[in-house]
Structure formats: structure tokens, C-alpha cells
Amino acid sequence: RVYWDAGYNGGYNRIDKAAVESEYEGNWNHWAFTKNAVTGEMKIFLNGVLWHSGTNLTNTMTDIVQFTIGAACTWGNYYHGDIDDFQIFNVALDASTIQQWMYQLPNETHPFYNQLQLLYTFDETGGIVIDHSPNSHDGFISGDAQLLLHAPNEIFKNFTTLDQRPQ
């Protein structure tokens, strides 16, 4: 199951849905989770396409001081898989923006760059995760998380195409 829990003003809101194996096992997938507390909409996008949504979910997420990626907040129920790039915006991105930017990191040309609150690439070695947004919300790695290197032919995002080739 894929769970999207968000909010804290008196509790949190949740949407969840059972996923098939190809959506989480054996290949890279791009997941995006959005919440608009004003309209009450929470959405989950898989590879740029709306995968699941819910309504009447208005709990806000103000004053976040701590969150957990890849486990329950109690540091249990760990995610046993790979995660690359984690971004938080303080606005719910639309499907078009998600599709346009899912293979590259946000930069100054991103239409919502000024709303980028956090950007982890997980490219560091050691226990600290650097926030590459303008906000410097560095994090730390707990458990046995490891940096994995990939062969050049496995790279499918955050690359630059050149008109030159090596000799």
C-alpha cells in the first residue's frame, strides 16, 4: 500500500491505495504527493499521472519541525527500497509541472522555485543529507541507508545532453 499522510492541525489526513508490484519493484518510478489544505485535495501522482486522490482533507501542515522519510515516525516499518531526490514545495504542484520536471532537479527556471522549501538529492556520503534548496534544512541519515552508484547507461534524469562525444 502507498500511504500519503499529511497535516497536523488536530490530526492528520490520509489517502492510501494498494499498489501492484510493477509500481514499486524492479524499476524506477517517479512519485509525487500533493496537498492543498484550502481545497481539501490530496493527490498521488505516479510517473506524472494522477494515481489516487481524496477530498475534504483540510488539516494544515504549518510549522513543520520534524519529519521522516522511508519509515513510520516511530522509526519502524521501514521502506526497503531506493529513494532518489526528495522535494517539498509550499504549494501543490499541478500535473503538467510534475510531468515537465520529473526528470530534472528544480532550478531558478522552475515555475515554483520560490516555493521550494527542501531539496534532498541523497548524493552525499556520511550521515548528513544536504538541503540543496535556498533554505538550508539539512537532515541526517539513520539506519543502514547507503549511497548507490549506477552505471552511465542506467542514468535517466538530471543529465545534460551534449553534442560532443569522447574519442
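This write-up is about the structure you can find in this document. No experiment lies behind these values; they were computed from the predicted model shown.

**Description of the side chain of Thr97**
Examined against the element boundaries, Thr97 turns out to sit in helix α1 (residues 95–101). Discounting residues that sit within four places of it in the chain, Thr97 has contacts with His110, Pro111 and Phe112.

**Observations concerning the nonpolar core**
Within the largest apolar cluster, 10 residues are counted, these being Val2, Trp4, Ala6, Ile15, Ala19, Met42, Ile44, Leu46, Trp51 and Leu57. Listed by contribution, the elements that provide at least two residues to this core are β1 (2–6) and β4 (41–46). In contact with Ala19, not counting residues within four places along its chain, are Arg1, Val2, Tyr24 and Trp51. Of all hydrophobic cores here, the second largest spans 8 residues; its members include Phe45, Ile98, Tyr113 and Leu119.

**A short note on the pattern of salt bridges**
Per the counting criterion, the structure on display carries 2 salt bridges. Two residues, Arg1 and Asp16, come together in a salt bridge whose shortest N-O distance is 2.6 Å. Highlighted residues: Arg1 in the segment before β1 and Asp16 in strand β2 (residues 13–17), separated in sequence by 15 residues. Exposure remark for Asp16: the relative accessible area of 24% places this residue in the partly exposed category. As a salt-bridge pair, Asp5 and Arg14 come within 2.7 Å of each other at their nearest N and O atoms. A relative accessible area of 38% places Arg14 in the partly exposed class.

**Details of the environment of Val91**
Take Val91: it is sitting in the loop between β6 (86–89) and α1. The residues contacting Val91, other than those within four sequence positions of it, are Phe112 and Gln115.

**Concerning the packing of aromatic side chains**
Inspection of the entire model under this criterion finds 4 aromatic pairs. Each ring, one from Trp31 and one from Trp51, has its centre 5.1 Å from the other, and the planes form 90°; the classification is edge-to-face. Here Trp51 lies in strand β5 (residues 49–54) and Trp31 lies in strand β3 (residues 31–36), a separation of 20 residues in the sequence. Cluster of aromatic residues (ring-pair linked, three or more members): Trp4, Trp31, Phe33 and Trp51. The ring of Trp51 has Lys17 sitting right over it, with the charged end atom 4.5 Å from the ring centre.

**Things to note about the environment of Leu46**
Here Leu46 lies in strand β4. Counting along the chain gives 17 residues from Leu46 to Asn29, while the straight-line C-alpha distance between them is 6.9 Å. Setting aside anything within four residues of it in sequence, one finds Leu46 in contact with Glu23, Asn29, His30, Trp31 and Trp51.

Scoring rules and cut-offs
Residues numbered from 1 in each chain as written. Predicted model: local features only at pLDDT ≥ 70, side-chain atom pairs only at ≥ 80, totals over all residues. Heavy atoms only, no water. Helix = DSSP H or I, 4+ residues; strand = E, 2+ residues; numbered from the N terminus. Contact = heavy atoms within 4.5 Å. Core = buried A, V, L, I, M, F, W, Y, C linked by side-chain atoms within 4.5 Å. Buried < 20%, exposed > 50% of the residue type's maximum accessible area, 1.4 Å probe, protein only. Salt bridge = Lys/Arg side-chain N within 4 Å of Asp/Glu carboxyl O. Phe/Tyr/Trp six-rings, centres within 6.5 Å; stacked < 30°, edge-to-face > 60°. Lys NZ or Arg CZ within 6 Å of the ring centre and 35° of its normal.

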